[in-house]
Structure formats: C-alpha cells, structure tokens
There are 2 protein chains.
Amino acid sequence: MARYSPSVQNLISKLSDLPGIGGKSAQRLAFHILSMSENDAAALAESITEARRLTKRCQCCQNFTDTDVCPICSDPKRDTSVVCVVESPRDVSTFERMHEYKGLYHVLHGVYNPMNNKNMNDITLSQLIERLQKHTEIKEVIMATNQNVEGNATALFVSRLLSPTGIKVTRLASGLPTGSDIEFADDLTLANALKGRIEIN
Amino acid sequence: MARYSPSVQNLISKLSDLPGIGGKSAQRLAFHILSMSENDAAALAESITEARRLTKRCQCCQNFTDTDVCPICSDPKRDTSVVCVVESPRDVSTFERMHEYKGLYHVLHGVYNPMNNKNMNDITLSQLIERLQKHTEIKEVIMATNQNVEGNATALFVSRLLSPTGIKVTRLASGLPTGSDIEFADDLTLANALKGRIEIN
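Residue numbers here run from 1 along each chain, matching the order of that chain's written sequence. Think of it this way: whatever chain is written first is A, whatever ligand is written first is 1, and the rest follow in order. Residues qualify for local features only when their pLDDT is at least 70, as the model is predicted, and side-chain atom pairs are given and counted only at 80 or more; totals for whole chains, interfaces and linings, by contrast, use all residues. Heavy atoms from the whole structure form the basis of all side-chain values; hydrogens and water molecules are not counted.

Draft legend 1. Region of interest: the nonpolar core. Only buried residues count toward a nonpolar core, which is a set of Ala, Val, Leu, Ile, Met, Phe, Trp, Tyr and Cys residues joined through side-chain atoms within 4.5 Å. Three labels apply to residues, based on accessible area from a 1.4 Å probe with only protein chains included: buried if under 20% of the type maximum, exposed if over 50%, partly exposed otherwise in between. In terms of nonpolar packing, the biggest core is built from 40 residues, with Leu-15, Ile-33 and Ile-48 of chain A together with Leu-15, Ile-33 and Ile-48 of chain B touching the most fellow members. Where helices and strands are cited, they refer to DSSP runs of H or I of at least four residues and of E of at least two residues respectively, numbered from the N terminus. Those elements giving two or more residues to this core turn out to be helix 1 (6-16), helix 2 (23-34) and helix 3 (38-54) of chain A together with helix 1 (6-16), helix 2 (23-34) and helix 3 (38-54) of chain B. In what follows, residue pairs with any heavy atoms lying within 4.5 Å of each other are defined as contacts. The contacts of Leu-15 of chain A, once residues within four sequence positions are left out, are Ile-21, Ala-26, Leu-29, Ala-30 and Ile-33 of chain A together with Leu-44 of chain B.

This is how it looks when you write it as structure tokens:
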C-alpha cells in the first residue's frame, strides 16, 4: 500500500482485523472515516469504547448485557424449564426475531473445536453445568449449535455429559429449508432430511 | 432488532452508517467488538480518533495527509507538468499502486452530481483553478474521474473551463478491459472501444 501516514495505516490495519473486512474494505472505511467531521468520528470511536465498557456477560445465560442478569433471564414471562444452547449472542437475536421461542438461552461463546485450539474450557460449558445443577426446574436443553462438525460434536458431548442427570437433551431438526427445491439440495442435507423423516398425521 | 442494550444499539447504528456495512454486518461487527478485550476495543476507537485528528487535506492537491503538503506533492522526483484529477483519495492509491504515473494529483472529493445535491462548490474545483493559475508549469490536466455520467460531466465541465488557458485537458481511454473477452463486453463499453479505436503501427 502506498504512502499512507502512520495514523491512517494504523486505522486501516485495525479495521482489517475485524471479521469480514478485507484490505480493500478497510481502506474504503478508513477513507470514509477521514472524510467524516471530527465530531462524527469521535462519536463513532466513543460508541465502540462505551458499548465495550458497559457490556458484560449475563450471570445466568452468559449473553451480552448491560445488567447483571440480562432482560431475557429476568423476564418472568419466559419458560424457565427449557434452555436453548447457542454458540453466539447473535444466535440469540436470531431466535428472538422469530418470536416463537419462550424459553431461556445459554450462550457458549464458541464451540468445541480442537482444530482451532478451542477446547471445552474456552466455552461456557462449566457455567451451563453449574446452572443446570442450581436450577432444577430445567427439564430440557435444546442444543442449537450450528449444523456442522464442531456444532454436532459439541451437541453430542453435552448430551453424553447430561445423560446421567435425566435432563432431556434435544437437537434442532436437520433437513430441507422451508421453500427450498429438492433439485438444489446438497447430498448431505437430503440424506439428513431422509434420515429424519417424520410420519404425516 | 431484539433487546439490545442502548450502548450496543448505538454501536450497531453507528457502524451501519459506514459505507458498505448493512444491518447484519453491523450487528456482526458489534458482537465482535464486544468480545474483544477492553484494551483492544480502546485501541480500535483510538485509531479512529487519531487518524481523523491527524489527517488534513494537502494544501496543494487536497489529498489526505498528515503534513501541510503531502509526500507526493513535495517529492522532487515527480513530474510537476502533469496533474491527474481524481474523485477520491482512494483513486490516488490505485494510481500509485500501478507505479506508472509520475505526475501529480488533484483530489476533487466528489464529482459534479446535481441529482445528489453535489454542485461545483462541494468539490475542490476552485482550488484546482487557483493551483493552475499559480503553477504555470502545469501543461496537462488528465481527467481521471469515473467512467459514468457524473464523471464524464465533470470532465467535460473542467475541459470547457480550461479551454481559454491553453492547458491540455485529456481523459483516460475508455474501452475493453485488458484480458477481457469481447463476448462478455456490455454494449456501451464495446461502442466506446469502437469509437476510440487506434491505428496499429
């Protein structure tokens, strides 16, 4: 890259560390920031430090929150007998957007991925176990980790771990996306849809 | 969007104001920032304010720089008789990456775009005229604005404006990209390539 001042170079490098931002986008964002008013740039910077400073993990579900216990965990209308275990806080937003699920969540902040140096201590598994021991009203754990090798391995691991406790461990159904054409389904998805077929009543 | 704390909501909204960052990417970036260490988040915020604070426009070419006159304008090895007029600082980087052009630049910071409320006073046209009057060694102005309606209009406007001065005003060649197949060329590009055909010597 040609002749940027050190501060601009530093900004570009910091931006390109963000997920999904390559060198070119980082450059584009940096130049946009340079053309902002100094107040607007300061407000953007402030929003980063403020959000990070005020955000902590919910003592109960480990989701990001600005209170000790997050609004979902402290909502008396939620069904406290079900816990949906997800990989990231973004997954909670996705579930909530659906307006169908009324139970609670547990955010793992990752999955078991030995290839990526993520082991069971890097995710919030011990907090989940502790929570299940403390809150005996929990009757079902829905493993909603992603449908890939790591997500499946984590789900299997948790289900084995919980089998002595008698808590029901379920996994989200795997199959054809709604509205999709069978013609365009990949082999694995189709095989899983076949394996998981259900009786029509 | 569901149940974000005000500070996170603010971060997401600030990020989605950036070019090329939609709602979903903003959310993804925000959650990444929340999972960074507080020091790393502070360093990112700092890089924004620092770059913006230290960056100004070059007194000569209007490109972003941290000195009064940018390194290109103050480089004695550059050819001061040619000025390449571009829309944005990013275009300067693109030209410099090529290592072919040895002249100077002038950054318009926009184009003439009446539909978008950008008129001639919003771009650095008066600074260009002033520069040409002051630096009589400039013999050629290359209009390297983008190959679209606004870029062409701006190029035409500048060439008319400069016609009494005797300064040569040129435009980058418009035609088929190198390595491209004629089969896939769009009609306008092909028409321009035909119109601009040159004799083979």
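So that's the structure; there's more coming.
Draft legend 2. Seen up close, empty space enclosed by the protein. Residues are called lining when one of their atoms sits within 4 Å of a cavity or pocket point, these points coming from a 1 Å grid over the protein atoms alone, where a cavity is a set in which a 1.4 Å probe fits but cannot get out and a pocket is an open set with protein on both sides within 12 Å along at least five of seven lines. Grid points are joined across faces, edges and corners, and a volume is the space filled by probe spheres set on the points. Applying the stated criterion across every chain, the model contains one cavity of 30 Å³ or more. Considering only enclosed or pocket space, the largest cavity measures out at about 80 Å³ in volume. Lining the largest cavity are 13 residues, with Leu-15, Leu-18 and Ile-48 of chain A together with Leu-15 and Leu-18 of chain B sitting closest to its centre. Among the elements of the structure, helix 2 and helix 3 of chain A together with helix 3 of chain B are those that each provide at least two residues to the lining of the largest cavity. Gly falls in the polar group here, along with every residue not listed as nonpolar (Ala, Val, Leu, Ile, Met, Phe, Trp, Tyr, Cys, Pro) or charged (Asp, Glu, Lys, Arg). For the lining of the largest cavity, a count of residues per class yields 13 nonpolar, no polar and no charged.

Draft legend 3. The packing of helix 5 (residues 125-134) of chain B against helix 6 (residues 149-162) of chain B, seen in detail. All names here are of chain B. As a packed pair, helix 5 and helix 6 sit with axes 12 Å apart at the nearest point and diverge in direction by 35 degrees. Viewed along their axes, helix 5 and helix 6 form a crossing whose handedness is right-handed. Residues Leu-125, Leu-128, Ile-129 and Leu-132 of helix 5 touch helix 6, and the partners they reach there are Phe-157, Val-158, Leu-161 and Leu-162. Every axis corresponds to a line fitted to the C-alpha atoms, with the helix fit spanning only the stretch in contact, and the corresponding angles, defined between N-to-C directions, vary from 0 to 180 degrees. If you view the pair so one helix is near and one far, a crossing is left-handed when the near helix is turned anticlockwise from the far one by less than a right angle, and right-handed when it is turned clockwise.

Draft legend 4. How the structure looks around the pattern of salt bridges. Residue and element names in this part refer to chain A. The term salt bridge refers to a side-chain nitrogen of Lys or Arg lying within 4 Å of a carboxyl oxygen of Asp or Glu. Counted according to the given criterion, the structure contains six salt bridges over all chains. A salt bridge links Arg-78 to Glu-96; its shortest N-O distance comes to 2.9 Å. With Arg-78 in the loop between strand 2 (64-65) and strand 3 (82-86) and Glu-96 in helix 4 (residues 89-98), this pair connects stretches of sequence that are 18 residues apart. With respect to class, Arg-78 is no different from Glu-96; both count as buried.

Draft legend 5. Spatial organisation of the layout of surface pockets. Empty space within the largest pocket amounts to approximately 610 Å³. Lining the largest pocket are 19 residues, with Ser-88, Arg-90, His-109 and Gly-110 of chain A together with Ser-35 of chain B positioned closest to its centre. The residue inventory of the lining of the largest pocket, partitioned by class, reads five nonpolar, eight polar and six charged.

Draft legend 6. Structural context of the relation of the copies chain B and chain A. Here the copies were fitted onto each other by least squares, based on C-alpha atoms from residues at pLDDT of at least 70 in both. Between chain B and chain A, which share one sequence, the superposing operator has a rotation angle of 180 degrees and an axial displacement of 0.0 Å; the RMSD is 0.0 Å. Both copies of the chain, as the preceding transformation shows, are related through a two-fold rotation axis. When each C-alpha of chain B is compared by its distance to the rotation axis, Ala-45 of chain B comes out closest, at 2.1 Å. Both copies share a contact surface, since 98% of the interface residues of chain B are interface residues in chain A too.

Draft legend 7. Structural detail: the side chain of Thr-145 of chain B. Residue and element names in this part refer to chain B. With respect to the helices and strands, the residue Thr-145 is situated in the loop between strand 5 (140-143) and helix 6. A polar contact of 2.8 Å, which involves the side chain of Thr-145, links it to the backbone oxygen of Gly-151. Thr-145 has contacts with Val-85, Glu-87, Leu-108, Val-111, Gly-151, Thr-154, Ala-155 and Arg-171, leaving out every residue within four places of it along the chain. Pairing of N or O atoms within 3.5 Å defines a polar contact, subject to two protein rules: one partner must be a possible hydrogen donor and the other a possible acceptor, and residues neighboring in sequence count only if both atoms are side-chain atoms.

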